[in-house]
Structure formats: C-alpha cells, structure tokens
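Take a look at the letters that make up each chain.
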Amino acid sequence: MPQVYINQLSQHAGEEVTLKGWLYNMRASGKLLFPQLRDGTGVVQCVVFKKNVPEEMWESVKSLGQESAIVIRGAVRADERAPGGYEIDVSGVEVVQAVEGYPITPKEHGTEFLMDHRHLWLRSRRQHAILKVRHTVVRAVRDFLDNDGFTLCDTPILTPAACEGTTTLFEVDYFGDEKAYLSQSGQLYNEATAAAFGKVYCFGPTFRAERSKTRRHLTEFWMVEPEMAYATLDDVMNLSERFISSIAGRVLEERGEELKVLERDTAKLELLVPPFPRLPYDDAVKMLQEGHERGELETRFEWGGDFGAPDETYLSSKYERPLMVHHYPAAVKAFYMARSPERDDLALGVDVLASEGYGEVIGGGERATSLAFLEEQLKLHDLPREAFEWYLDLRRYGSVPHAGFGMGIERCTAWMCGIEHVRETIPFPRMLYRLRP
RNA sequence: UCCGCAGUAGCUCAAUGGCAGAGCAUCCGGCUGUUAACCGGAGGGUUGUAAGUUCGAGUCUUACCUGCGGAGCCA
C-alpha cells in the first residue's frame, strides 16, 4: 500500500493508500466519525463507519484528541461533501501517540496566547498558508537574482562596528576583550564583493535593537540585499520593479490555495507589474502639504524630514502600484549615499513604498564613490575611522559608481499575504518583549 | 522612551459598589453525512500583583507587572 501525501490524493482516486499525520479536528455523528487528518501538505477528511471497522478500532479513534499522531489506511474517494474534494474511507488506523488537552482549540484565541504557543500555532491552517507564501517569496528572490547574473556572497552577522551608525545595535561580548555587534545590514560588505563579482547579493538575518512596537517591526528579520557595480539610481529602480513583480508573479502562480485560505484579494497582486510610479522627494513633499491643506493629514510636512508612517500611507494611497520616492535630502539618509550632481543636498536614494499601506518595503540607492567625500562623512557622522579603513580601500582601488537596495522578507511576505502584522510571517518572531518560544 | 487600551474558568468574553456567569475546550450520554456539527448532563475560580477607600471591591484610587494598538525609528 503506497504512502502518499494529502496534496497528491487526486492522483490516487480509487486506490488504497497510507497517510501519516496528525488529527486536525474531528466531528462525530452517531455511528459515523469524521476525523480530519493533517500531514503538512494539506488536510483531508476521513470517514469511519462503525459497522465497517472492529469495535476496538472504533473506540480508539473516537477517543482521540486533537493533534494525536496517527497513520491511516483507506480508500481515496472523490466526494463533494468533503472539504478539499476527496475523502478517505478508513479501513485501518495506527495510533502513534494519543493526545489529550491540545491547547489550541478550533475556536478563537488572543494574540498573546497564540504567540506563547507559537511552536504549536504553526500547525494551524492560516499560519501554514502564510509560511508557505514566505517559502515561495524566498525562492522567488533567490531564483530572480541567480537568473539575473547575481552571485550570492553572504556578509558577516558578527561585525565590529555599526554599518550606518544611526540605529541601535545588539551588542555581543567577543571573547572578553572586544565588543561585536549583530549585523543591521550587509551593505558595506556587499560593496566589497560587488567590486569582486560585479553583481552580488546577501540574504540573511538582520538585527535591529530598536524599541519599536508596531505591526511592521521585528528585532530579528531577514533581508535580501543586491548590489551592482557600474550601476546608478535608475538601475536600482528598474531592478526593484522587476524584482517585486517577479516575486508577486511567483506567489500568484504557486500559492493560489494559500492565498484563498488567507482571503487575499489577488487582483491587488496582479497589479504589481512595471512600471511603478516614480516620485521625486520634492514632489512628494508638495503632495503631503496639499493633503494637509485639504485636511487629509493632521500635521503639515516640512521639507527636509523623513516621512512618518501616516505620510507613507497617504502617499501610497494615491497610487494603485508601489510608489518609488527618490532624491531624498542627504541629511536623512546614510553617510555612504551618493549626492545628486545637480543638487548637493539631495541623496541618490530611493524608497519603495508598497501598495495598500504596507509601507517601506525596499530602501536603496547609489553609493558615494569619492574617497575624500567619505572621509568627510565619517567625521561628520562621528564614526570611528579605523573600523572603516577597509571600506575606504574600496574607494582607493578601482572605485566606480555602484548601487543596490535592501528588501525585508517579512514586510514583503505580509504584503503578499495581505495580513496585518509581520509577526506571523516568520516561524518564531523576535520582537520587543517577545523572545520566547 | 512616550501616548492610549486591556488583564475574570484551559481559551474567548459577561457581570449598576451587593450570591462568580455564559459559550467553546475537557469528561459522561444521544444521533449513519458532519462542515467552527448538533442535543442533554457534569467537573472546572486566590477576578495579574501589592496596598488603600468602603458595612461591602471583579467594579473606585495609587503603584507595579504583563500584553495589545500607536508614535518616534526603520526593512
């Protein structure tokens, strides 16, 4: 008797099969039992008729609690009454472990309770669907970059100093005599590998010790950062468009079932094809100020600042597609950003604001090439020169225009799924006040 | 760090300052097609912690703890 997975059942209609999994839920009706089996690929309803099975088997199945581990043998039959279209006429059951008192019941639960039981919550349909979408987002990211000539060059997680010097870092004791920090970006190292390989990317966990408590924040998240030698701001914007569009396409193609479970409006994802609107910062400020005059925004936005969450939401609400805002004031961007040749106070940076109010999903731009400029910037930002000496070498030996961006996997996944909070898009979220499980 | 909201049965939530309640889950019983099944019964409580006001506090006051939402900051 072949062992099959639930997502292959349609290929085995009429056959006797073996399924190995866990009891998802069970309904009973007199001499009938409807155990629902979950095996990691899906859920299938099984049917047990009392008179068709031995008495002891009937009794043992009847008493099984939610999430009991079981192996079921039976015939696959197409049936309209069954959720999923197929059901199993059970002829044999092996109880691997009978379970009593599984904490997560089919009814409603609060966030705190579910997060405390995250290790079990992952088994539920919705969480399963979200993490399958994440899996596809990650594969789409890798496939896109690999097929586009990028080389994976991962950057260190333990680093000697801040990459950008601004945000808060997690500090680690490094054998007593030195301090190390968990990486908040692979950016600077990417510039080194880009000079070696041309087009590179790093993809790994990133750590930000910000005391942020919003639906868009995690203290540990995954970020993919492509970097290209001999590239400009325009190249970054072109790449961003194709990148997001290819991810959305893959999710639509491979995760239709999951998007249905999540009740995602897929029309919104179908819109994610180039070109995306491009808006200079100056024009964005005008839009925000006009919005304030019309009473659509509480506070008047002044030129020179970085956008707050309400500003981002307002701007992106004016477009159906993601909005690329570029040419920010240099003062609000990182020290390594290149300046506009026309206006020295503007940085060649771009933020991609996701549609539907999902906020900044990509941030990037063109990097400064001049040694003298960067030496000055390090001083202005009060950064330790010694720690950046290797980085300055990149400007001494074959410095060329280069550019890249970073995209947060969890923000992207939350957007694709159409869910409220990034905490559900990573198996074990790390947040302010949440380190367990 | 700041602002707001919340904490009562395993879970989700009720309860004018006056007897601690319901649904689900669990256990027992019924039902041959259930779809979050349904019907009947049973068990289940230091009302987040500490102090205070009061004849009397789940309810009012103060502090603390925990969580949620938001701001700043960011991907």
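Residues numbered from 1 in each chain as written. Chains lettered and ligands numbered in written order. Predicted model: local features only at pLDDT ≥ 70, side-chain atom pairs only at ≥ 80, totals over all residues. Heavy atoms only, no water.

Right, let's talk about the nonpolar core for a bit. Soluble, globular proteins show a tendency: their nonpolar side chains are buried together. Ranked by size, the top nonpolar core spans 53 residues in total, and within it V141, F243, M407 and M416 carry the most contacts. Elements that contribute at least two residues to this core include exactly α4 (125-147), β10 (199-207), β11 (220-229), α6 (233-254), β14 (346-354), β15 (359-366), β16 (402-408) and α13 (409-417). The element best represented in this core is α6, accounting for nine residues. Among the nonpolar cores identified, the runner-up in size contains 22 residues, and V4, V17, V44 and V93 belong to it. (Core = buried A, V, L, I, M, F, W, Y, C linked by side-chain atoms within 4.5 Å. Buried < 20%, exposed > 50% of the residue type's maximum accessible area, 1.4 Å probe, protein only. Helix = DSSP H or I, 4+ residues; strand = E, 2+ residues; numbered from the N terminus.)

Next up on the list: the protein's contact with RNA strand B. Lining the immediate environment of RNA strand B, one finds 50 residues, of which R27, K107, R215, E360 and R411 sit closest. In RNA strand B, atoms within 4 Å of the protein come from the sugar-phosphate backbone in 48% of cases. N25 has a polar side-chain atom sitting 2.9 Å from a phosphate oxygen of RNA strand B. Here a phosphate oxygen of RNA strand B and a backbone polar atom of K31 are 3.5 Å apart. Those elements that provide at least two residues to the surface near RNA strand B are β1 (16-29), β2 (32-38), β3 (43-49), α2 (111-116), β11, α10 (309-317) and β15. By residue class, the composition of the surface near RNA strand B is 14 nonpolar, 15 polar and 21 charged. (Near = heavy atom within 4 Å. Polar contact = N/O pair within 3.5 Å; in protein donor to acceptor, adjacent residues only side chain to side chain. Nonpolar A, V, L, I, M, F, W, Y, C, P; charged D, E, K, R; others polar.)

Further remarks concern helix α1 (residues 55-62). Within α1, burial applies to M57, W58 and V61. Within α1, the buried residues cover an arc of 105 degrees as seen down the axis, which keeps them to one side. The inward-facing, buried residues of α1 abut β1, β2, β3 and β5 (86-97). (Arc of directions from axis to C-beta. Contact = heavy atoms within 4.5 Å.)

Mapped onto the elements of the fold, G14 is located in the segment before β1. In the structure, G14 is positioned 63 residues away from R77 in sequence and 5.8 Å away in space, judged by C-alpha atoms.

This part takes up the packing of helix α9 (residues 281-293) against α10. For any two helices packed against each other, the geometry is given by the interaxial angle and the distance between the axes. Two elements in contact, α9 and α10, have axes separated by 10 Å at closest approach and are oriented at 100 degrees. Classified by the interaxial angle, the pair formed by α9 and α10 is roughly perpendicular. Taken together, the residues of α10 that come into contact with α9 (itself represented by A284, M287, L288 and G291) are D311, Y314 and L315. (Axes fitted to C-alpha atoms, helices over the stretch in contact; angles between N-to-C directions. Parallel < 35°, antiparallel > 145°, perpendicular 65-115°, else oblique.)

Position of H135 relative to the elements: it lies in helix α4. Under the relative-accessibility criterion, H135 is labelled partly exposed at 40%. As a C-alpha pair, H135 and L33 span 102 residues in sequence and 35 Å in three-dimensional space.

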